[in-house]
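Now for the letters of each chain:
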Amino acid sequence: MTDIRIGHGYDLHRFIIGKKLMLGGVEIEHSHGLAAHSDGDAVIHALADAILGAVALPDIGQCFPDTDEQTQNIDSAEILKHAMKLIKQKGYGIGNADITIITQQPKIAPHAEAMQTKLAELMHTTVDRINIKATTEEGLGATGTGEALAVHAVVLLRPASA
Ligand code: MG
């Protein structure tokens, strides 16, 4: 049987004023950005943790600790590239990824295609293997009140084709 791996990642960041909003490697026009040591791209953080989790590697918090001044405001694309490099070394590539963004604002649908395109490029795969969808939590909890944005990512890895 083909050796496939599955991984799950989760991330949540608080909205703040005065930072650009980056999601899935795409800059999105919005009144708030996400508080973080990095650029705050919670989509990429959840995705990278899913990828690393699938091959039982330490999560991105261990690879890119928030105490490291060198990675202050790091472009999260670099985090995803690092995760991809590590799974490639283990002989894996992306099977598919399914990502759920939980937020009241902004509307994600108008940006989903741009995110899928950018993520497919970063993950060396095709757009039809990356899904972005969004939901709200009905005004409840940190995401519902608009204080935070959360992301779940599920990733399937398969042996990389030669
Ligand atoms: Mg994060």
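Scroll up for the structure.
Quick notes on the rules
- Residues numbered from 1 in each chain as written.
- Predicted model: local features only at pLDDT ≥ 70, side-chain atom pairs only at ≥ 80, totals over all residues.
- Heavy atoms only, no water.
- Axes fitted to C-alpha atoms, helices over the stretch in contact; angles between N-to-C directions.
- Helix = DSSP H or I, 4+ residues; strand = E, 2+ residues; numbered from the N terminus.
- Parallel < 35°, antiparallel > 145°, perpendicular 65-115°, else oblique.
- Contact = heavy atoms within 4.5 Å.
- Nonpolar A, V, L, I, M, F, W, Y, C, P; charged D, E, K, R; others polar.
- Core = buried A, V, L, I, M, F, W, Y, C linked by side-chain atoms within 4.5 Å.
- Buried < 20%, exposed > 50% of the residue type's maximum accessible area, 1.4 Å probe, protein only.
- Donors = N, O, S within 2.8 Å, 3.2 Å for Na, K, Ca; no water.
- Expected span 1.5 Å × (residues − 1).
- Salt bridge = Lys/Arg side-chain N within 4 Å of Asp/Glu carboxyl O.

Undergrad: An account of the packing of helix H1 (residues 42-54) against helix H3 (residues 76-89) is requested, with residue identities and associated values reported.
TA: Each pair of packed helices can be described by the angle between their axes along with the distance between the axes. Two numbers describe how H1 lies on H3: the axes approach to 9 Å, and their chain directions differ by 10°. Viewed along their axes, H1 and H3 adopt a mutual orientation that is roughly parallel. Contacts between H1 and H3 involve Ile44, His45, Leu47, Ala48, Ile51 and Leu52 from the former and Ser76, Ala77, Ile79, Leu80, Ala83, Met84, Leu86 and Ile87 from the latter. Of the residues assigned to the contact of H1 with H3, the class counts are 12 nonpolar, two polar and no charged.

Undergrad: Before we move on, could you go through the nonpolar core and cite the residues and values that matter?
TA: Leu47, Ile51, Ile99, Leu119 and Met123 are the most contacted members of the largest nonpolar core, which has 46 residues in total. Listed by contribution, the elements that provide at least two residues to this core are strand E2 (21-23), strand E3 (26-28), H1, H3, strand E5 (92-102), helix H4 (109-122), strand E6 (130-135) and strand E7 (148-159). When residues in this core are grouped by element, the largest group, 10 residues, is from H1. Beyond its immediate stretch of four places on either side in the chain, Met123 contacts Leu47, Ile51, Leu80, Met84, Ile94, Ala97 and Ile130.

Undergrad: Residue-level account of the coordination of the magnesium ion, with values.
TA: Note on the magnesium ion: its protein donors are Asp11 (OD), His13 (NE2) and His45 (ND1). The metal-donor distances range over 2.1 to 2.2 Å. For the magnesium ion, the single-chain donor residues occur in sequence as D-x1-H-x31-H. Here His13 is found in strand E1 (residues 5-16), whereas its partner His45 is found in helix H1, with 32 residues between them in sequence. Judged by its relative accessible area of 11%, His13 falls in the buried class.

Undergrad: Residue-level account of H1, with values.
TA: Here H1 spans 18 Å end to end across 13 residues, near enough to the 18 Å set by a 1.5 Å rise per residue. For H1, the tally of buried residues reaches 12 of 13 residues, placing the bulk of the element in the interior. Those residues of H1 lying buried are Ala42, Val43, Ile44, His45, Ala46, Leu47, Ala48, Asp49, Ala50, Ile51, Leu52 and Ala54. Backbone geometry just downstream of H1 places Ala56 in the positive-phi region, at approximately 60°.

Undergrad: A description of the pattern of salt bridges should follow, citing residues and the corresponding values.
TA: Applying the stated criterion across every chain yields a total of three salt bridges. Close ionic contact of Glu78 with Lys81 constitutes a salt bridge, the shortest N to O distance being 3.3 Å. Of this pair, Glu78 and Lys81 both sit in helix H3, separated by three residues, roughly a single helical turn. On the basis of relative accessible area, Glu78 is assigned to the partly exposed category, the value being 38%. Across the pair Asp98 and Lys133 runs a salt bridge whose closest N-O atoms are separated by 2.8 Å. Of this pair, Asp98 sits in strand E5 while Lys133 is found in strand E6, placing the two residues 35 residues apart along the sequence. On the basis of relative accessible area, Asp98 is assigned to the partly exposed category, the value being 29%.

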